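Chain by chain, the residues run as shown.
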Amino acid sequence: MFRELRRKSQLLSKEETIEILKSNTSGTLACFGDDGYPYAVPLSYVYSNNKIYFHCALEGHKIDAIKKNEKVSFSVIHQDKILPEKFTTCYKSVILFGKAHIIDNPQEIHSSIYELSKKYSNCSDTEIQKEIEKFANKFYMVEITIEYMTGKEAIELTKKRKS
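First things first, this report covers the structure right here in the doc. Only a predicted model underlies this, so the values are computations on that prediction, with no experimental measurement involved.

What counts as what
Residues numbered from 1 in each chain as written. Predicted model: local features only at pLDDT ≥ 70, side-chain atom pairs only at ≥ 80, totals over all residues. Heavy atoms only, no water. 1 Å grid on protein atoms, 1.4 Å probe; cavity = no way out; pocket = protein on both sides within 12 Å on 5 of 7 lines; lining within 4 Å. Points joined across faces, edges and corners; volume = space filled by probe spheres on them. Helix = DSSP H or I, 4+ residues; strand = E, 2+ residues; numbered from the N terminus. Salt bridge = Lys/Arg side-chain N within 4 Å of Asp/Glu carboxyl O. Buried < 20%, exposed > 50% of the residue type's maximum accessible area, 1.4 Å probe, protein only. Pairing = 2+ DSSP bridges. Axes fitted to C-alpha atoms, helices over the stretch in contact; angles between N-to-C directions. Contact = heavy atoms within 4.5 Å.

Some points on the layout of surface pockets
Roughly 270 Å³ of volume is contained in the largest pocket. Around the largest pocket, the lining is made up of 16 residues, and of these His55, Ile113, Leu116, Ser117 and Phe139 lie nearest the centre. Mapped by element, the contributors of at least two residues to the lining of the largest pocket are α3 (106–120) and α4 (125–135). Considering every element that reaches the lining of the largest pocket, the biggest residue donor is α4, with five residues. Counted as a void, the second largest pocket has a volume near 180 Å³.

Now the structure itself:
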């Protein structure tokens with residue numbers, strides 16, 4: 001169903017792929033947009049329980065696209081160092097495919113907001129809980145259930161790792 005990585009020697013382990021998702025702060029969500037055009041938008045996210053969570057406005061292009069078609073892809077660039085003398089870059093990245101939906105279970109909404117807040121804030125649990133109570137009904141929390149995921153690195157990094 002999903003295409004396998006063509007350059008298998010550059011495939012990152014599942015553990016390294018997950019670490020990239022955990023350690024980065026932004027990724028790009030791609031979904032089916034208006035009039036058959038793809039829609040890709042950078043966003044903040046959290047990886048937890050083998051899922052991606054993010055928040056979005058109660059209305060707009062992103063949520064309209066997700067409501068129309070739950071199939072999405074999400075990518076994260078972990079490293080991208082330019083090697084001008086070699087006309088290339090040393091990169092590590094992750095791409096995943098899955099299904100996105102608005103979370104409607106109150107406990108899941110709360111826990112996903114909490115996980116997102118912990119990632120992007122240094123506030124105490126009490127302060128986070130106050131913010132959640134204050135703003136939780138002003139946006140949607142969206143969950144991407146991951147169906148397929150790969151991490152990949154530049155061939156230069158693969159060669160370096162093997163030597």
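Moving on, there is more to tell.
Regarding the pattern of salt bridges
Summed over the entire model, instances satisfying the criterion amount to five salt bridges. In this structure, the salt-bridge partner of Glu147 is Lys99, at a minimum N-O distance of 3.5 Å. Of the two residues, Glu147 sits in strand β7 (residues 140–153) while Lys99 sits in strand β6 (residues 88–102), which places them 48 residues apart along the sequence. Classification of Glu147 by relative accessible area gives partly exposed; the value is 38%.

Considering the sheet that holds β6
Judged by pairing direction, the sheet is antiparallel, and its seven strands sit side by side in the order β2-β1-β5-β6-β7-β4-β3 without closing on themselves. Edge positions in the open sheet fall to β2 (38–44) and β3 (46–48), since each of these has one partner strand only. Adjacent strand axes in the sheet meet at a mean angle of 35°, parallel and antiparallel pairs treated alike. Across seven bridges, the pairing between strand β1 (residues 26–32) and β2 is antiparallel. Along β2, the bridge assignment pairs Gly27 with Leu43. Where α3 meets the sheet, its contacts fall on β1, β2, β3, β4 (51–56) and β7, and the angle it forms with β7 comes to roughly 55°. Where helix α5 (residues 155–162) meets the sheet, it contacts β5 (71–83), β6 and β7, and its direction lies at approximately 110° from that of β6.

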